[in-house]
Amino acid sequence: MAAAGDVTSARDRKRGAQKMAAAKVKQDMPPPGGYGPIDYKRNLPRRGLSGYSMLAVGVGTLLVGYWGITRWNRERRRLYVEELEARLGLMPLLLAEQDRRVLQMLRENLEEEAIIMKDVPGWKVGESTFNTTRWVPPLNCELYNLRPSRERSRASFGFMFYT
């Protein structure tokens, strides 16, 4: 015995077949002469310079850079020589200033020594402690011994301030 659902489905199938026979089906076909060729290769436009021209631009840039560096190094060397010549020209003046300052401090120290040691019998002011007649440049501690400690430390260590 057939089920009710089977009867309905058979009926529906019959109706569908009748509809298909009644409607004309148009099949999709290629146009007359066929389709055109399919582009499957990469078709990228040329962008920028070629490899050889980029290499030439890079080498040219390097050469211009090396030329500029060479020019600047020559200029720096010329400026350095000029600075050395200026220092050599000023050296006698700076040494004379330093000698003048040292002699003035020695004279002030001798005056101070004469005041301090005036009551000591047999003391000769300015007598050399060395057994030579040759000039011996005084040390900082000898020059700044009678000066304030701040001035002595500034002469010995410069203007270095540590926190």
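Keep in mind it's a predicted model, so treat the numbers as computed, not measured.

Reading the values: rules and limits
Residues numbered from 1 in each chain as written. Predicted model: local features only at pLDDT ≥ 70, side-chain atom pairs only at ≥ 80, totals over all residues. Heavy atoms only, no water. Helix = DSSP H or I, 4+ residues; strand = E, 2+ residues; numbered from the N terminus. Buried < 20%, exposed > 50% of the residue type's maximum accessible area, 1.4 Å probe, protein only. Contact = heavy atoms within 4.5 Å. Salt bridge = Lys/Arg side-chain N within 4 Å of Asp/Glu carboxyl O. Patch = residues over 30% accessible without salt bridge, like charges linked within 9 Å, V, L, I, M, F, W, Y side chains within 5 Å. Areas by Shrake-Rupley, 256 points an atom, 1.4 Å probe, with all protein chains shown as cover. Expected span 1.5 Å × (residues − 1). Bend = angle between axes of the 7 residues up to and from the residue. pLDDT = per-residue confidence, 0-100. Polar contact = N/O pair within 3.5 Å; in protein donor to acceptor, adjacent residues only side chain to side chain.

Attention now moves to the overall build of the chain. The helix and strand inventory of the chain stands at four helices and zero strands. Across the chain, helices and strands are ordered from the amino to the carboxyl terminus as α-α-α-α. Here the chain holds 163 residues, and the buried ones make up 4% of them. Of all intrachain contacts in the chain linking residues separated by at least 6 positions in sequence, the fraction that spans at least 24 positions is 46%.

Okay, the pattern of salt bridges next. Under the criterion given, the structure shown has seven salt bridges. Linking Arg-147 and Glu-108 is a salt bridge whose minimum nitrogen-to-oxygen distance equals 2.3 Å. One end of the pair, Arg-147, is in the loop between helix H3 (140-143) and helix H4 (149-157); the other, Glu-108, is in helix H2 (residues 51-116), and 39 residues separate them in sequence. On the accessibility criterion, Glu-108 (28% relative accessible area) is partly exposed. One salt-bridge network, in which partners are shared between bridges, spans Glu-75, Arg-78 and Glu-82.

Judged by side-chain polarity, Tyr-52, Leu-55, Val-59, Leu-62, Leu-63, Tyr-66 and Ile-69 come together as a nonpolar surface patch covering roughly 820 Å² of accessible area. Structurally, Val-59 can be placed in helix H2.

A separate point is H2. Over its 66 residues, H2 runs 90 Å from end to end, which matches the ideal 98 Å to within 8%, given 1.5 Å per residue. In the structure, H2 departs most strongly from a straight axis at Leu-90, where the bend amounts to approximately 40° and where the proline Pro-92 lies between one and four residues downstream. Looking only at H2, the buried set comprises Val-102, Met-105 and Asn-109.

Residues with a pLDDT of 70 or more make up 84% of the chain, whose mean pLDDT is 84. Across the chain, the element-wise mean pLDDT spans from 60 in helix H1 (residues 4-22) up to 95 in H2.

Locating Asn-109 in the fold gives a position in helix H2. Assessed through its relative accessible area of 10%, Asn-109 is described here as buried. For Asn-109, the side chain forms a polar contact with the main-chain oxygen of Glu-142, separated by 3.4 Å. Sequence-distant contacts of Asn-109, defined by excluding residues within four places in its chain, comprise Glu-142, Leu-143 and Leu-146.

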